[in-house]
Amino acid sequence: MKTSNVLVLILVLLYINVSTEWPTHTVCKEDNVEIHYKSCDPQQDFAFSIDRCSDITTHTFNIRAAMVLRHSIKKLYAKVDLIINGKTILTYSETLCEPGHSKLIFCGKKKGEHLYYEGPVTLGIKEIPQGDYTISAKLTNEDHITVACADFAVKNYLDYY
């Protein structure tokens, strides 16, 4: 009896380990615009939201983001890819944190600390590009370890003219 219980427990733990896939979250959904995201870090999900899709086209809009850090942030690098039909069309990268030069309030946070940000963000765009595409964003630290990673699926059928 005990052997069968142990076997069932091992199978359940193996199944959980193999099948971990984070759910798709809705950032916003309006008439002709939808933005969803899914964590691409197999070990951690995170929370991200904005009030309305239309806020993105304003010069500055408010976001909310939260997670527990699995790794400390002394240096933080961002890499963002624009993917259309499975092909990377555009890549952008930037150093966000480094000693003596930090662009974010959570630079220097330690492993295990809660990261929570609620406030303004400026993207510098006047409109969300039309069509269906993916924006893949990855944050890595000084050891090239993933701090956060997400694929944002954008569907925009707004006519700006």
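Everything in this summary refers to the structure shown in the same document. All of these numbers come straight from a predicted model, not from anything done at the bench.

Another aspect to go through is the layout of surface pockets. When its volume is computed, the largest pocket comes out at roughly 1600 Å³. Around the largest pocket, the lining comprises 45 residues; the ones closest to its centre are Phe48, Val80, Val121, Leu123 and Ala137. Mapped onto the lining of the largest pocket, the elements with two or more residues apiece are β3 (47–50), β4 (61–68), β5 (76–84), β6 (87–98), β8 (114–121), β9 (131–141) and β10 (146–156). A per-element tally of the lining of the largest pocket places β10 first, with 6 residues. Of the residues that constitute the lining of the largest pocket, the class distribution is 39 nonpolar, 2 polar and 4 charged.

For the structure on display, the rule yields 4 aromatic pairs. Seen in terms of ring centroids, Tyr37 and Phe46 are 5.1 Å apart; in terms of plane orientation they differ by 25°. Their pairing is stacked. By the burial criterion, Tyr37 is buried, and Phe46 matches it. Taken together, Tyr37, Phe46, Phe48 and Phe152 form an aromatic cluster joined through their ring pairs.

What counts, and where the lines are drawn
Residues numbered from 1 in each chain as written. Predicted model: local features only at pLDDT ≥ 70, side-chain atom pairs only at ≥ 80, totals over all residues. Heavy atoms only, no water. 1 Å grid on protein atoms, 1.4 Å probe; cavity = no way out; pocket = protein on both sides within 12 Å on 5 of 7 lines; lining within 4 Å. Points joined across faces, edges and corners; volume = space filled by probe spheres on them. Helix = DSSP H or I, 4+ residues; strand = E, 2+ residues; numbered from the N terminus. Nonpolar A, V, L, I, M, F, W, Y, C, P; charged D, E, K, R; others polar. Phe/Tyr/Trp six-rings, centres within 6.5 Å; stacked < 30°, edge-to-face > 60°. Buried < 20%, exposed > 50% of the residue type's maximum accessible area, 1.4 Å probe, protein only.

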